[in-house]
Amino acid sequence: MAKSPCPLSLPQFQEKAEPLKVIINGQEMLAEVKAFSTGSFGWYINGKTTVTVDGKLLSVQIGMNLTVVGSKEAPR
């Protein structure tokens, strides 16, 4: 499948993009706007929460990238 071209440049994205609300297991978090070291851009979230499995409380670490498709090749 061919990659879709990104309709924004990196400067446009950085100027106009806003943090995204993400809800994980009922906990609201904000994914921040980010230019990744790979050249792509999008949003990033890092944090911790708890999840219950079989009545046991587990601490989990969250690391999530939301990468804009085609952003690596977008104009700088």
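Conventions adopted
- Residues numbered from 1 in each chain as written.
- Predicted model: local features only at pLDDT ≥ 70, side-chain atom pairs only at ≥ 80, totals over all residues.
- Heavy atoms only, no water.
- Helix = DSSP H or I, 4+ residues; strand = E, 2+ residues; numbered from the N terminus.
- Buried < 20%, exposed > 50% of the residue type's maximum accessible area, 1.4 Å probe, protein only.
- Contact = heavy atoms within 4.5 Å.
- Core = buried A, V, L, I, M, F, W, Y, C linked by side-chain atoms within 4.5 Å.

## Considering the environment of V68
Piece 1. If you trace the backbone, V68 turns up in the segment after β4 (56–67).
Piece 2. By relative accessible area, which is 22% here, V68 ends up partly exposed.
Piece 3. In the structure, V68 is positioned 17 residues away from V51 in sequence and 29 Å away in space, judged by C-alpha atoms.
Piece 4. Apart from the residues within four sequence positions on either side, V68 is in contact with C6, F13, F41, G42 and W43.

## Topic: the nonpolar core
Piece 1. Ranked by size, the top nonpolar core spans 11 residues in total: C6, L10, F13, V22, M29, A31, F41, W43, I45, I62 and A74.
Piece 2. Only α1 (10–16), β2 (27–35) and β3 (41–53) provide two or more residues apiece to this core.
Piece 3. Leave out the neighbours within four places in its chain, and V22 touches Q27, E28, M29, A31, I45 and M64.

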